[in-house]
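# Descriptive structure summary
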Amino acid sequence: MSAEKTGLAGAGEVRDAVRPADPPVVGWLLGRAPWPLWAVAAALMGAVIFHVQRHSPTVGMDNDFVVKAARALLAGDAPYADKRFLYLPSAVLAAVPEALLSAGKLRLLVPVAGVGLVLLGWLASLRIFRVPVRSRLAALGVVALAFFEPFRNVVNIGNWTLASVVALPVMLLLALRSRWIAAGAVLGLALAVKPMLAPLLLLLVLARRWRALAAAVAVPVAASVLAALVMPRPGMFFTRTLPFLLHGQDSFARPFDASPGMILTRLGVPETAAYGVAAVAAVAGTGCAWLRWRRCDPGAQRLVETAAMLMLAAFLVSRPSFDHYLLVVLPPLVASVVLPGSAARTVWFWIALVPQISGLPWPHLEGLHRRAFKDTVMLCTVAAVLAWTCVRPRVLRAVAIMPVGPEGTDRTPVRDVF
């Protein structure tokens, strides 16, 4: 069986990924990681699971809302009676297996599943760029996750964003292999669990993959209709849940909301102006994604950067937007470091992630209700770096072909002017 099919490191794979013009560090990252490095990575993941399971008072907090909705369905009650159940009716059916487990089992399951899903998303992201899963880059990515605050947060609360962390790279991997209908089905399954990846429907429109778009829409619609037929009062999703979401939830969630609009209002900017700025930024981000797609260069970079830009544009305007949302787009972007010109080869990309190092205190931002300020810095900086990556070739090309006036034709140096 080939290395491409198995996902194991192979000499041919490394040769395919490394280019002669690449710096030596890229070849080193693609080389096979020694077993002690993998042992350290495994120990760190085990330590995260142990700490969350034994010491966290909020383990599985977000997962509990979906499990309670499934238990309400099994008891014949309305799942949407709880205003904090915010997903489509199809998510209720997906949570039924969890509803049959005891609280003790869920307390262990949530961090184990959270770690496993993020690692699966990371490995799928590596495969997009043909990076061997036994490489140093793969192992170092796992090590880095242990010190990344959004990762520890989502593992702790068990937010169903975890499904999107896996679905986005799997969808892109299938699309890269021209299996667009399967990619649309994966996107549809992710939407049925949590509609976070809805902006990627625009990717299918840009690619003009109409059958894939139909599959992506049909799966959550069919699953939600089926769930609505077996649950009491499904209409509460429109009368109770949607208004709650459109108003940015309530005072419980707002201190953790890292959307630029919310942060600007906390800094004293009028609400209309604050959300207007966020909307303009989102439209600009969508335009950058469109320009990136129109560049038409072959390979994985086009797919990844367009998809990530669409998601980041949505995060800029969504209410709310939490720190762990960035985990959806960061694994593919980090994996793209093996390619020249990628956003991950920009120093500002890594600077944006520095404030998220776990255990690193920042003055005046140590409080739980103030961490959203550094979260929005991460979101806006990563979005700006990727936007520049999307439009940079066009800008540089436009500058290169700018006409030079008659007065600019003589480029003889002028000395001693001042």
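The protein goes by Membrane protein in an unreviewed UniProt entry, where it is assigned to Streptomyces paromomycinus. Under the UniProt heading Sequence similarities (unreviewed entry), the note attached to the protein is "Belongs to the glycosyltransferase 87 family." Under the UniProt heading Subcellular location (unreviewed entry), the note attached to the protein is "Cell membrane".

We now examine the packing of helix 10 (residues 161–176) against helix 11 (residues 180–193). Direction vectors running N to C along helix 10 and helix 11 enclose 170°, while the axes themselves pass 8 Å from each other. On the basis of the axis angle, helix 10 is roughly antiparallel to helix 11. Along its contact with helix 10, which presents A163, A167, V170, M171, L174 and A175, the element helix 11 presents W180, A182, A183, V186, L187, A190 and V193. Partitioning the contact of helix 10 with helix 11 into residue classes produces 13 nonpolar, no polar and no charged.

Tallied over the entire structure, the rule returns eight aromatic pairs. An aromatic cluster of three or more residues is present, and its members are Y80, F85, Y87, W160, F237 and F238. For R302, the ring lying beneath its charged end belongs to W293, and the centroid distance is 3.6 Å. Cation over ring: R319 sits above Y275, and NZ or CZ is 4.4 Å from the ring centre.

Where helix 7 (residues 103–128) meets helix 9 (residues 149–157), the axes come as close as 7 Å, and the angle between the chain directions of the two elements is 135°. By the angle between their axes, helix 7 is oblique relative to helix 9. Taken as a pair, helix 7 and helix 9 cross one another with a handedness that is right-handed. Where helix 7 abuts helix 9, its residues V110, P111, G114, V115 and V118 lie against F151, V155 and N156. The residue makeup of the contact of helix 7 with helix 9, split by class, is six nonpolar, two polar and no charged.

Now for the environment of R127. Relative to the helices and strands, R127 resides in helix 7. The class for R127 is buried, based on a relative accessible area of 9%. For R127 and L173, which are 46 residues apart along the polypeptide, the C-alpha to C-alpha distance reads 7.4 Å. Here the side chain of R127 touches V131 through a polar contact of 2.9 Å, landing on its backbone oxygen.

Since one α-helical turn is 3.6 residues long, residues separated by three or four positions face the same way. Three or more residues of helix 14 (residues 236–246) are buried, namely M236, F237, T241 and F244. Considered in projection along helix 14, the buried side chains sweep an arc of 95° and stay on one side of the axis. The outward face of helix 14, more than 90 degrees from its buried face, is lined by the exposed residues F238, T239 and L246.

Turning next to the side chain of D375. Within the secondary structure, D375 sits in helix 20 (residues 371–400). Given the relative accessible area of 3%, D375 is considered buried. For D375, the residues in contact, after removing those within four places along its chain, are A258, D323 and Q356.

The next thing to look at is the layout of surface pockets. Counted as a void, the second largest pocket has a volume near 490 Å³. Considering the residues around the second largest pocket, the lining is formed by 20 residues, among which A144, L145, V334, W350 and L353 are closest to the centre. Looking at the lining of the second largest pocket, the elements that each hand over two or more residues are helix 7, helix 8 (136–145), helix 18 (330–335) and helix 19 (347–353). If you tally residues by element for the lining of the second largest pocket, the top one is helix 8, at five residues. Per-class residue counts for the lining of the second largest pocket are 18 nonpolar, two polar and no charged. Counting only domains with at least three residues in the lining of the second largest pocket, you end up with domain 1 (31–234) and domain 2 (248–395).

Criteria and cut-off values
Residues numbered from 1 in each chain as written. Predicted model: local features only at pLDDT ≥ 70, side-chain atom pairs only at ≥ 80, totals over all residues. Heavy atoms only, no water. UniProt positions renumbered as here; feature names shortened; annotations may be inferred. Axes fitted to C-alpha atoms, helices over the stretch in contact; angles between N-to-C directions. Helix = DSSP H or I, 4+ residues; strand = E, 2+ residues; numbered from the N terminus. Parallel < 35°, antiparallel > 145°, perpendicular 65-115°, else oblique. Contact = heavy atoms within 4.5 Å. Nonpolar A, V, L, I, M, F, W, Y, C, P; charged D, E, K, R; others polar. Phe/Tyr/Trp six-rings, centres within 6.5 Å; stacked < 30°, edge-to-face > 60°. Lys NZ or Arg CZ within 6 Å of the ring centre and 35° of its normal. Left-handed = near helix turned anticlockwise from the far one by under 90°. Buried < 20%, exposed > 50% of the residue type's maximum accessible area, 1.4 Å probe, protein only. Polar contact = N/O pair within 3.5 Å; in protein donor to acceptor, adjacent residues only side chain to side chain. Arc of directions from axis to C-beta. 1 Å grid on protein atoms, 1.4 Å probe; cavity = no way out; pocket = protein on both sides within 12 Å on 5 of 7 lines; lining within 4 Å. Points joined across faces, edges and corners; volume = space filled by probe spheres on them. Domains from an automatic or database assignment.

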